[in-house]
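Spelled out from the first residue to the last, the chains are:
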Amino acid sequence: MRMVWISLVSLVLTLSFSAALATDLDRGALERGEVIVEEVRSTSGIPGVRASFVVLASRETIWATLLDYDNFPKFFKGIDRLVVLEQDVDGARVEFWINAVLVDLHYILYRHYVEPGHRLTWRRVSGDLKEIQGSWQIIDTDDPAKKLLIYASYVDIGFSPVTWIIRQGAKTKAEEMCHRLRQWLENQK
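Model, not experiment: these values are computed from the prediction. (Residues numbered from 1 in each chain as written. Predicted model: local features only at pLDDT ≥ 70, side-chain atom pairs only at ≥ 80, totals over all residues. Heavy atoms only, no water.)

Once that is clear, we can look at the overall build of the protein chain. Secondary structure assignment for the protein chain yields five helices and eight strands. Along its sequence from the N terminus, the protein chain presents helices and strands in the succession α-α-β-β-α-α-β-β-β-β-β-β-α. The burial tally for the protein chain puts 42% of its 189 residues in the buried class. Expressed as a percentage of contacts within the protein chain between residues at least 6 apart in sequence, the contacts between residues at least 24 apart total 48%. A total of about 10500 Å² of accessible surface is found on the protein chain, and carbon and sulfur atoms cover 55% of it. (Helix = DSSP H or I, 4+ residues; strand = E, 2+ residues; numbered from the N terminus. Buried < 20%, exposed > 50% of the residue type's maximum accessible area, 1.4 Å probe, protein only. Contact = heavy atoms within 4.5 Å. Areas by Shrake-Rupley, 256 points an atom, 1.4 Å probe, with all protein chains shown as cover.)

In structure tokens form, the structure reads like this:
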């Protein structure tokens, strides 16, 4: 019974956060097809990027695409190689080799399917960089055919002199990735 209450409280907090976040966004800009990219910090203070955009696609198509590791390099540029080490209904451990802004990176992420069809998160398990975490959220809009996607990525590279430069590059890459992902999703019909 205790786990049920914890799950319900978690769901209410997530929905409240999502509704507040969606309300704060410039709906007009989103409806015009813009990608809103913001510099943000995680709850633990890690700098990051949040990108929000509206896509004309079903929740099922979006979710399937976010788990389609074979096609990741088509819309997530910079991935030289990836290997799914293990995957089940709860998530996947995925090894990445990335051509980043200034350096090549190698790391393993655990992608947790928190609420299938609604939200997934990821965190660094091992490899380069001090910390990597992030999430995808799929939120209903007033138009049942459209969904609001919110991408958040937080990276602590472990040393500060180039953090600002990397974050600026991450903002540009996040916006480009969102445009590619929207195009991919809207062509999946």
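Right, let's get into the side chain of R182. Counting through the fold element by element, R182 comes out in helix α5 (residues 163-186). At 5.0 Å, E186 is the nearest oppositely charged side chain to R182, a buried residue that forms no salt bridge. (Lys, Arg positive; Asp, Glu negative; His and termini not counted. Salt bridge = Lys/Arg side-chain N within 4 Å of Asp/Glu carboxyl O.)

A word on the packing of aromatic side chains. Here the structure, examined in full by the defined rule, presents eleven aromatic pairs. Summarising the aromatic geometry, the rings of W63 and Y113 are spaced 5.9 Å apart at their centres and angled 80° between planes, so their arrangement reads as edge-to-face. With W63 in helix α3 (residues 59-66) and Y113 in strand β5 (residues 104-115), the pair connects residues that are 50 residues apart, well separated along the chain. For the cation-ring pair, R81 lies above W97, with the distance from its terminal atom to the ring centre recorded as 4.2 Å. (Phe/Tyr/Trp six-rings, centres within 6.5 Å; stacked < 30°, edge-to-face > 60°. Lys NZ or Arg CZ within 6 Å of the ring centre and 35° of its normal.)

Turning to the pairing of β5, a few remarks are in order. Of the strand pairs in this sheet, strand β4 (residues 91-99) and β5 are connected by nine bridges, and their pairing is antiparallel. What sits directly across from F96, in β5, is Y107. Sheet topology note: the β5/strand β6 (residues 119-127) ladder contains seven bridges and is antiparallel. Bridge pairing in β6 links R111 to W122. Between β5 and β6, which pair antiparallel one after the other, the connecting turn spans three residues, and G117 there sits at a positive phi close to 85°. (Pairing = 2+ DSSP bridges.)

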